[in-house]
Amino acid sequence: MKIFENYCLKENNTFKIRVVADRFIEYDSDDDIIQFLQSNEKLLEDKFLVLGEGSNILFTDNFKGTIFHPATKKIEVEQELDNNVIVRVSAGLIWDDFVAWTINNNYYGLENLSLIPGTVGAAAVQNIGAYGSEAGNFIDSVTYYDLRDKSVVTLSCKECEFGYRCSIFKTALKNRIIIMSVKFCLNKFPALNTDYADIKNFFGTKTDINPLELRNAVIQIRNNKLPDPKIIGNAGSFFKNPVVNKVKFDSLLLEFPDLRYYIVNDNNYKLAAGWMIDKCGLKGFEKNGVAVHEKQALVIVNKTGNVSGHDIVKFSEYIQNKVFELFKVRLEPEVIFV
Ligand code: EPU
């Protein structure tokens, strides 16, 4: 375990915001961090945050408290069933390293979630999703340390209350737990999900697609549209795709026949926020070093590399206002402000 004081977080958030945390604790064993916390209870009286790769977070100020950073990286096959395998993965493992491992070991299901930045623990918190798949569909259970009750708890998939980029870890259990490991239930036989428009277009008439080809296609599609945070600071989609009811949806469709959307159910429609921002003419729009990405308008980038979190918040409010003016729909950030 390593403990740093006055630690610069620039390399620990993909927006590359230069802020300082009072304390930064990196640990590679869950037992170590639990023991440490049990003998340093006072630490939790201050603010604290569990930070993975910092790929979905926007620091708006210096962090006055302690950051816990898991560097736990185990993958253990717990159970082989006829059609499935149960795998326990440490919270600190890089998500895409895990996806690559599944395909190398002939365990399937996560292909569409290739190359999503972040850690395995964060994937559960955020219920990451892309190209028609969500992590929650493959999660069997999540084990965490409850800082309030000082106990290790395991929640079943149902108890995790996974929703669109949401889980119980962002609601009732927020600021209360440290995720230790996530158990996945994967397929032993490929069942590929190639229905999403970008994937269909990529393969054209080709039908005999294998899991590695699907993973490579997703990697190529993402690389073409989404900026690499190693090159330009960003946190993927900045806003969630807003969900509207049928009355609102019908009136929008009348006014904007080219509206892009997904049907959630009979009364709910999810609108493509990237398309809405694009429709406002904001693709590539730049102000004070912050910009709307020129290939995917849902992504906000730290173009000069020197902007503050506050600059990005201001910029995002400008985007929200422009979208509201045109569509009378309010975009909500997907990125978490700290
Ligand atoms: N579109 C535009 N202009 C744009 C951006 C998008 O016209 O500038 C249109 C696209 O052509 C498409 C529709 O809007 O018809 C939706 O765009 P896209 O397929 O790129 O997906 P998205 O809804 O913008 C979501 C996720 C992404 C995920 C992609 C692919 C959210 C908030 N975002 O984006 O997730 O990679 O689908 O599955 O749900 C993330 O969460 O950080 C993220 C990148």
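Predicted model only: the values in this text are computed from it and were never measured. (Residues numbered from 1 in each chain as written. Predicted model: local features only at pLDDT ≥ 70, side-chain atom pairs only at ≥ 80, totals over all residues. Heavy atoms only, no water.)

A. Geometry of the overall build of the protein. Within the protein, the secondary structure is distributed over eight helices and 20 strands. Relative to the compact-globule value of 20 Å for 338 residues, the protein shows a C-alpha radius of gyration of 20 Å, a close match. Viewed in the frame of its principal axes, the protein has a C-alpha envelope of about 60 × 50 × 35 Å. Here the protein holds 338 residues, and 48% of them are scored as buried. Contacts in the protein between residues far apart in sequence, at least 24 positions, make up 61% of those at least 6 positions apart. Entry remark: accessible area of the protein is about 16,100 Å², with carbon and sulfur atoms responsible for 47%. Taking the average location of the 40 positive side-chain charges in the protein and that of its 43 negative ones, the two points are 5 Å from each other. (Helix = DSSP H or I, 4+ residues; strand = E, 2+ residues; numbered from the N terminus. Rg over C-alpha atoms; globule rule 2.2 N^0.38 Å. Buried < 20%, exposed > 50% of the residue type's maximum accessible area, 1.4 Å probe, protein only. Contact = heavy atoms within 4.5 Å. Areas by Shrake-Rupley, 256 points an atom, 1.4 Å probe, with all protein chains shown as cover. Lys, Arg positive; Asp, Glu negative; His and termini not counted. Charge placed at Lys NZ, Arg CZ, Asp CG, Glu CD.)

B. Local environment of the site of the ligand. Around the ligand lies a shell of 24 residues, among which Tyr 131, Tyr 164, Tyr 196, Asp 278 and Ala 297 are the nearest. Taking Arg 165, its side chain carries an N or O atom lying 2.9 Å from an oxygen atom of the ligand. Between the ligand and Asp 278 there is a distance of 2.7 Å, counted from a nitrogen atom to a side-chain nitrogen or oxygen. Coverage of the ligand by the protein amounts to 85% of the 820 Å² it exposes when considered alone. For the shell around the ligand, the elements supplying multiple residues, two or more each, are strand 8 (129-130), helix 5 (211-225), strand 13 (233-237) and helix 7 (273-279). Residue contributions to the shell around the ligand peak at three residues, all from helix 7. (Near = heavy atom within 4 Å. Polar contact = N/O pair within 3.5 Å; in protein donor to acceptor, adjacent residues only side chain to side chain.)

C. Main features of helix 1 (residues 30-39). Turning to helix 1, its buried residues are Asp 30, Ile 33, Ile 34, Phe 36 and Leu 37. End-on, the buried residues of helix 1 take up no more than an arc of 165 degrees, which puts them together on one face. Those residues of helix 1 that are exposed and angled more than 90 degrees off the buried face are Asp 31, Gln 35 and Ser 39. Looking at the packing, one finds that the buried side of helix 1 touches strand 1 (2-8), strand 2 (20-27), strand 5 (63-70), strand 10 (139-146), strand 11 (151-156) and strand 12 (177-187). For helix 1, the capping residue at the N-terminal end is Ser 29, with a side-chain oxygen 3.3 Å from the backbone nitrogen of Asp 31. (Arc of directions from axis to C-beta.)

D. Representation of the environment of Val 301 in the model. With respect to the secondary-structure elements, Val 301 resides in strand 19 (residues 299-302). Given a relative accessible area of 2%, Val 301 falls into the buried group. Spatially, the C-alpha atom of Val 301 lies 4.7 Å from that of Asn 234, the residues being 67 residues apart in sequence. Contact partners of Val 301, with chain neighbours within four places excluded, come to Pro 227, Ile 232, Gly 233, Asn 234, Gly 289, Val 290, Ala 291 and His 293.

E. Layout of helix 2 (residues 95-104). The complete set of buried residues in helix 2 reads Trp 95, Asp 96, Phe 98, Val 99, Thr 102 and Ile 103. Viewed end-on, helix 2 has its buried residues packed into an arc of 155 degrees, placing them on one side of the element. Contacts made by the buried residues of helix 2 are with strand 6 (75-80), strand 7 (84-90), helix 3 (120-126), strand 12 and helix 5. Positive backbone phi, at 60 degrees, marks Asn 106, one or two positions downstream of helix 2.

F. Local environment of the side chain of Lys 270. The topology assignment puts Lys 270 in strand 16 (residues 268-271). No salt bridge is formed by the buried Lys 270, whose closest oppositely charged neighbour, Glu 134, lies at an N-O distance of 5.5 Å. Beyond its immediate stretch of four places on either side in the chain, Lys 270 contacts Tyr 164, Asn 241, Pro 242, Val 243, Arg 260, Tyr 261, Tyr 262 and Val 264. (Salt bridge = Lys/Arg side-chain N within 4 Å of Asp/Glu carboxyl O.)

G. Just unusual backbone geometry, in detail. Even without glycine at this site, Asn 6 takes up a positive phi of about 45 degrees. Along the chain, the position of Asn 6 falls in strand 1.

H. Region of the structure containing the sheet that holds strand 18 (residues 290-292). Ordered by their spatial adjacency, four strands build an open sheet running 13-19-18-17, and the pairing between neighbours is antiparallel. Looking at the sheet topology across the chains shown, the edges are occupied by strand 13 and strand 17 (286-287). Bridge analysis of strand 13 against strand 19 gives three bridges, and the strand direction is antiparallel. Opposite Gly 233, over in strand 19, you have Asn 302 as the bridge partner. (Pairing = 2+ DSSP bridges.)

I. Region of the structure containing the packing of aromatic side chains. Throughout the structure, instances matching the rule amount to 22 aromatic pairs. With a centroid separation of 6.0 Å and an interplanar angle of 50 degrees, the aromatic rings of Phe 238 and Phe 337 are classed as tilted. Of this pair, Phe 238 sits in the loop between strand 13 and strand 14 (243-245) while Phe 337 sits in strand 20 (residues 336-337), and the two are 99 residues apart along the sequence. Owing to a relative accessible area of 0%, Phe 238 belongs among the buried residues under this scheme. Judged by centre distance (6.2 Å) and plane angle (65 degrees), the ring pair of Tyr 261 and Tyr 269 falls under edge-to-face. Ring pairing ties together the aromatic residues Trp 95, Phe 98, Trp 101, Tyr 107 and Phe 184, which thus form one cluster. The ring of Tyr 164 carries the charged tip of Lys 270 above its face, separated from the ring centre by 3.4 Å. The ring of Tyr 318 has Lys 287 sitting right over it, with the charged end atom 4.8 Å from the ring centre. (Phe/Tyr/Trp six-rings, centres within 6.5 Å; stacked < 30°, edge-to-face > 60°. Lys NZ or Arg CZ within 6 Å of the ring centre and 35° of its normal.)

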